[in-house]
Amino acid sequence: MKNMKNNMLWIILMLACGITGLFFYMQQKPSLYLMAKDIVPVFSSQEDAMTLPKERAWKNLEPQQKVQVLSCVDVKHYLIYKVSLNGEVGFVNEGNYVLLRNDKPAIC
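Basis of the calculations
Residues numbered from 1 in each chain as written. Predicted model: local features only at pLDDT ≥ 70, side-chain atom pairs only at ≥ 80, totals over all residues. Heavy atoms only, no water. Phe/Tyr/Trp six-rings, centres within 6.5 Å; stacked < 30°, edge-to-face > 60°. Helix = DSSP H or I, 4+ residues; strand = E, 2+ residues; numbered from the N terminus. Buried < 20%, exposed > 50% of the residue type's maximum accessible area, 1.4 Å probe, protein only. Pairing = 2+ DSSP bridges.

With the rule as written, the count across this model stands at one aromatic pair. Look at Y81 and Y97: their rings are 5.8 Å apart centre to centre, the planes differ by 80°, and that puts the pair in the edge-to-face class. Of the two residues, Y81 sits in strand 5 (residues 79-85) while Y97 sits in strand 7 (residues 97-101), which places them 16 residues apart along the sequence. Given the relative accessible area of 10%, Y81 is considered buried.

Pairing geometry for strand 1 (residues 32-36) and strand 4 (residues 66-74), over three bridges, is antiparallel. Along strand 4, the bridge assignment pairs L34 with V67. Two elements, strand 4 and strand 5, share six bridges in a ladder whose sense is antiparallel. When the bridges of strand 5 are listed, C72 appears paired with Y81. Connecting the antiparallel pair strand 4 and strand 5 is a turn made up of four residues, with K76 showing a positive phi of about 75°.

Dropping the structure here:
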């Protein structure tokens, strides 16, 4: 009888863990990506992205290149996108690009 109660408790515990895990999995949003349509300048800091001319960009994204958006930074009148570029962080605020989630147009 005691063994049956222990087995029942383990089954209930496993079900609770499974349901909790499924809940958290379903709450996650898929990653947001920025895909360049033309050459898009990437700046080394948020401040540079707001002030430097695009000719002084740290790097450029090539057309069709996709980078993951780490965060969307609200700078009052527009957004600057903090992106991951080959493991390094950069900032995008201008250029011809589209935001994608699951390969569909998206917003932050």
